[in-house]
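Structural characterization, general
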Amino acid sequence: MSRLTEILVAGLTVALALSPVLAAHAQQTKAHQTKAQENVTVTIDAPQHTQSIVFEGEPRLSQLTERLRWQDVYWPGARLCSQTVQNKLEARRAAAVAQLQLLQGVYQQQQDDTLSNATQALIEQVKQWPLLGGYSNSTQQGLQPALIPTTLQRNWALLAKHQPYQLSVGEAPQSVHWVGLTQEPGEYAYAQQPLAKWLGERQQAQQVDSTDTWEVTINGNINRVDEYSTQRPPLQLQPGAILYSGFPAAQLPQGFADVNKRLLELLQYWDHNGGSQQEGLPCS
Amino acid sequence: MPNNVSYRAQRAIAPFSLTVLLLTLFISGCGLAPNQSQVDDDVSESEGLGLDNAIAGSTQTAAETISYVFAQDTANRYSKQELTELNSSALYAKVGDNPSTTLVLGVTEQHNGVSLQQWYTANEALIVRNGRLIRSEGLPQNIRYTANTQADPLGCWLNQTPSAKITPEQRPCATRWHSQQDIELASGRVVRLSTVSQFRWGTPTTINTPLRGAQAVQHLIETVTTDAGHQWQNQYWFQPQNKPYGVGHVVKTEQQLALGHSAVSGTLTLEEARY
């Protein structure tokens with residue numbers, strides 16, 4: 001065998017040996033390119049128009065918010081949801097309902113009809129709460145669209161694997177919601193007045209003793225309402241707030257101490273824009 | 001208040017920060033963000049339903065911004081030379097008697113006679129519609145929402161010139177405007193103000209600008225009354241554009257940020273630095 005033949009054979013051997021590696025590399029490159037070019041579908045649910053957009057590749061959050069620059073949007077109430085997050089939220093809701101059912105069983109065993117019935121009513125409420133599984137921006141709910149493009153951390157990429165996405169925006173809230181252990185859960189007109197006073201008047205009208213109540217503000221903050229607070233100026237009712245009257249700690253059996261906390265965590269995801277109730281949207 | 005060391009550091013990095021900001025705006029606006037997928041994957045995974053984060057509130061953000069514009073103890077006002085070298089329009093901004101600072105224009109758009117501008121420091125943004133501050137982000141307290149902007153007659157007024165020949169009935173612009181502002185305080189609590197504005201002409205005057213020199217301007221006074229009976233005046237010194245669908249250029253404006261709800265409430269003054 002000549003020297004040239006030896007070199008050719010050696011080269012061929014090396015090429016054959018490396019071919020699986022090269023093929024795998026080529027496949028990975030192709031897969032990466034395919035992933036980078038994967039389309040992402042986002043539905044923008046805004047007052048007066050719902051629009052579905054297909055982006056080539058994974059868009060940044062600013063690419064959504066810029067489309068709403070001329071809209072009259074209440075950004076503290078804006079929520080970005082994906083089907084993945086909504087599924088996680090629904091699992092949490094199911095777990096909370098299961099815990100309430102156990103709690104109701106305990107009250108039944110204790111023959112406490114009042115608390116048993118109240119818990120049953122609460123279970124039905126929780127099942128109906130309009131919740132939207134939004135991403136939070138590390139400090140609070142809602143979006144700050146002008147600051148989003150200033151850093152990559154604020155300007156998330158909307159990953160293809162979590163799609164479809166839904167950006168829900170709405171108008172300024174003119175109401176508050178009162179939920180939990182109240183005889184008249186529902187929506188009430190917002191009024192500028194101290195929170196404890198607002199609550200006290202309605203509890204008096206229902207002829208119920210004051211309960212432990214918390215507010216969940218539209219930006220996701222949770223505060224306990226203390227009607228005996230001497231804080232000056234007193235906490236004012238917040239537009240869009242969710243007021244939750246919960247179980248007094250003394251009435252919770254052992255093992256159920258976190259019931260109120262679990263429900264409050266769900267209420268941070270209250271849908272302020274109605275996007276969870278429209279059929280056909282990713283997070284409905 | 002920031003100490004001197006942190007202020008000096010801030011001043012030293014300010015031009016760099018602005019460059020980085022503009023670069024970041026460009027990059028993220030173009031969607032060119034290589035190698036971010038994994039980072040964002042982690043962010044998305046950890047912050048989806050990030051309850052602890054959501055509970056934390058906005059206090060930390062407010063603390064971080066104090067050394068930027070609205071509570072600084074020394075002026076950060078770009079010189080004429082720095083303004084000339086700047087590749088953007090710029091404003092001087094100050095609150096009350098605090099020292100002023102420089103903001104750069106990040107976004108500007110005009111649409112059907114409405115001008116929308118977003119002005120930036122490294123970590124704060126002011127959103128200005130036809131010369132009115134309608135939203136702010138990243139300040140210790142922020143205007144989160146201004147209602148009824150579509151009916152705001154300010155843009156109409158900014159294209160007019162007072163004329164003795166026109167009776168009040170013949171004025172082409174509305175003289176009253178109803179609105180509502182949601183102001184988020186540093187505590188995270190929101191104060192809602194329902195307001196009525198009334199507009200009238202002031203006296204034309206001349207204002208000195210850093211790069212364009214003395215400019216003749218019209219003067220518009222907006223008296224704002226809240227439903228609680230508080231009252232203040234916003235003022236606009238401007239040059240009408242006198243073109244169909246044009247928007248007058250505000251050379252200087254003084255606007256009330258909020259009513260005594262925190263140390264940074266007071267009059268916000270915005271002045272042309274680089275046109």
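Here the structure is a predicted model, which means the values were calculated and not measured.

Topic: the overall build of chain B
Within chain B, the secondary structure is distributed over 6 helices and 13 strands. Buried positions account for 53% of the 275 residues belonging to chain B. Restricting the contact set of chain B to residue pairs at least 6 apart, pairs at least 24 apart contribute 51%. With the model as given, the accessible surface of chain B reaches about 12,400 Å², and the carbon-plus-sulfur share is 51%.

Examining the overall build of chain A
Of the regular secondary structure elements, chain A holds 6 helices and 9 strands. A total of 284 residues make up chain A; the buried ones form 48% of that total. Pairs at least 24 residues apart make up 70% of the contacts formed inside chain A by residues separated by at least 6 positions. Here chain A has roughly 13,800 Å² of accessible surface; of this, 51% comes from carbon and sulfur atoms.

A word on helix H3 (residues 83-109) of chain A
All names here are of chain A. Given a rise of 1.5 Å per residue, 27 residues ought to cover 39 Å, and the 39 Å separating the end C-alpha atoms of H3 matches this to within 8%. Residues of H3 that are buried include every one of Val85, Gln86, Leu89, Arg93, Ala96, Val97, Gln99, Leu100, Leu103, Gln104 and Tyr107, and no others. Packed against the buried residues of H3 are strand E3 (79-82), helix H4 (113-128) and helix H6 (259-267). Just beyond H3, the residue with positive phi is glutamine 111, at close to 55°.

Describing the side chain of aspartate 271 of chain A
Position of aspartate 271 of chain A among the secondary structure elements: in the segment after H6. At 3.0 Å, the side chain of aspartate 271 of chain A and the backbone nitrogen of asparagine 273 of chain A are in polar contact.

Here we look at the confidence of the model for chain B
Residue and element names in this part refer to chain B. Within chain B, residue pLDDT values average 74, and 66% of them lie at 70 or more. Here helix H3 (residues 51-55) is the element of chain B with the lowest mean pLDDT, 27, and strand E9 (residues 205-209) is the one with the highest, 96. For the stretch residues 1-69, pLDDT sits under 50, and the model shows 128 contacts to residues farther than four places along the chain or on other chains. With a pTM of 0.79, the predicted complex shows an ipTM of 0.81.

Some remarks on the sheet that holds strand E1 (residues 40-46) of chain A
Residue and element names in this part refer to chain A. A sheet is described by the order of its strands in space; here 4 strands give the open sequence E2-E1-E4-E3, paired in mixed fashion. Two strands lie at the open edges of the sheet, namely strand E2 (49-55) and E3, each paired on one side alone. The sheet shows a mean angle of 20° between the axes of neighbouring strands, taken without regard to direction. Across 7 bridges, E1 lies against E2 in antiparallel orientation. Counted as the bridge partner of aspartate 45 is threonine 50 from E2.

Some points on the packing of aromatic side chains
Residues and elements named next belong to chain B. On inspection of all chains with the given rule, the structure shows 12 aromatic pairs over all chains. Residues tryptophan 201 and phenylalanine 238 carry aromatic rings whose centres are separated by 6.1 Å and whose planes lie at 25° to one another, so their mutual orientation is stacked. Taken together, the residues span a long stretch of sequence, with tryptophan 201 in strand E8 (residues 190-201) and phenylalanine 238 in strand E11 (residues 231-239) at a distance of 37 residues. In this structure, tryptophan 201 and phenylalanine 238 share a single accessibility class: buried. Above the plane of the ring of tyrosine 92 lies arginine 77, whose end atom (NZ or CZ) is 3.8 Å from the centre. When the ring centre of tyrosine 275 is taken as reference, the NZ or CZ atom of arginine 212 above it lies at 4.4 Å.

Things to note about the state of the cysteines
Here the structure, examined in full by the defined rule, presents 2 disulfides over all chains. Between cysteine 81 of chain A and cysteine 283 of chain A runs a disulfide, and the two sulfur atoms are separated by 2.0 Å. Linking cysteine 81 of chain A and cysteine 283 of chain A, the disulfide has an S-S dihedral of approximately -105° and is accordingly described as left-handed. Of this pair, cysteine 81 of chain A sits in strand E3 while cysteine 283 of chain A sits in the segment after H6, and the two are 202 residues apart along the sequence. Just as cysteine 81 of chain A is buried, cysteine 283 of chain A falls in that class too. One disulfide bridge connects cysteine 156 of chain B with cysteine 173 of chain B, the sulfur atoms lying 2.0 Å from each other. Since a negative S-S torsion denotes a left-handed disulfide, the cysteine 156 of chain B-cysteine 173 of chain B link at about -80° is left-handed. Highlighted residues: cysteine 156 of chain B in helix H6 (residues 154-157) and cysteine 173 of chain B in the loop between H6 and strand E7 (176-184), separated in sequence by 17 residues. Classification of cysteine 173 of chain B as buried rests on a relative accessible area of 7%.

Remarks on H4 of chain A
Here H4 of chain A is 16 residues long and its end C-alpha atoms lie 23 Å apart, about the 22 Å a rise of 1.5 Å per residue gives. Among the structural elements, H3, strand E5 (175-180), strand E9 (242-246) and H6 of chain A are those in contact with the buried residues of H4 of chain A.

A few points about the packing of H3 of chain A against H6 of chain A
All names here are of chain A. The geometry of H3 relative to H6 is characterised by a closest axis approach of 10 Å and an angle of 150° between their N-to-C directions. As summarised for this structure, H3 and H6 are arranged roughly antiparallel, according to the angle between their axes. Judged by the sense of rotation from one axis to the other, the crossing of H3 with H6 is left-handed. From H3, Leu89, Arg92, Arg93, Ala95, Ala96, Gln99, Leu100 and Leu103 reach across to H6, where they touch Val259, Arg262, Leu263 and Leu266. Residue composition of the contact of H3 with H6, grouped by class: 8 nonpolar, 1 polar and 3 charged.

Notes on the nonpolar core
Residues and elements named next belong to chain A. Judged by nonpolar contacts, the single largest core of 27 residues is most densely connected at Leu100, Trp129, Tyr244, Phe247, Leu263 and Leu267. Looking at this core, the elements that each hand over two or more residues are H3, H4, strand E7 (212-216), E9 and H6. By residue number, the principal contributor to this core is H3, which donates 6 residues. Apart from the residues within four sequence positions on either side, tryptophan 129 is in contact with Arg93, Leu122, Val179, Leu263, Leu266, Leu267 and Trp270. Counting 25 residues, the second largest nonpolar core, distinct from the first, contains Leu61, Val73, Leu80 and Leu158.

Notes on the pairing of strand E10 (residues 213-226) of chain B
On a regular strand, each side chain points to the face opposite its neighbour's, so the side chains alternate between the two faces of the sheet. Residue and element names in this part refer to chain B. Counting buried residues along E10, 10 of its 14 residues qualify, which places the element largely inside the surrounding structure. Pairing geometry for E8 and E10, over 7 bridges, is antiparallel. Note that in E10 the partner of valine 196 across the bridge is threonine 225. Between E9 and E10, which pair antiparallel one after the other, the connecting turn spans 3 residues. Two strands pair when backbone bridges link them, and E10 and E11 are joined in this way by 8 bridges, in the antiparallel orientation. Residue isoleucine 221 lies in a different strand from E11, and its bridge partner there is glutamine 235. What sits between the antiparallel neighbours E10 and E11 is a turn of 4 residues, in which glycine 229 has the positive phi angle 95°.

About the cut-offs
Residues numbered from 1 in each chain as written. Chains lettered and ligands numbered in written order. Predicted model: local features only at pLDDT ≥ 70, side-chain atom pairs only at ≥ 80, totals over all residues. Heavy atoms only, no water. Helix = DSSP H or I, 4+ residues; strand = E, 2+ residues; numbered from the N terminus. Buried < 20%, exposed > 50% of the residue type's maximum accessible area, 1.4 Å probe, protein only. Contact = heavy atoms within 4.5 Å. Areas by Shrake-Rupley, 256 points an atom, 1.4 Å probe, with all protein chains shown as cover. Expected span 1.5 Å × (residues − 1). Polar contact = N/O pair within 3.5 Å; in protein donor to acceptor, adjacent residues only side chain to side chain. pLDDT = per-residue confidence, 0-100. Pairing = 2+ DSSP bridges. Axes fitted to C-alpha atoms, helices over the stretch in contact; angles between N-to-C directions. Phe/Tyr/Trp six-rings, centres within 6.5 Å; stacked < 30°, edge-to-face > 60°. Lys NZ or Arg CZ within 6 Å of the ring centre and 35° of its normal. Disulfide = S-S within 2.5 Å. Parallel < 35°, antiparallel > 145°, perpendicular 65-115°, else oblique. Left-handed = near helix turned anticlockwise from the far one by under 90°. Nonpolar A, V, L, I, M, F, W, Y, C, P; charged D, E, K, R; others polar. Core = buried A, V, L, I, M, F, W, Y, C linked by side-chain atoms within 4.5 Å.

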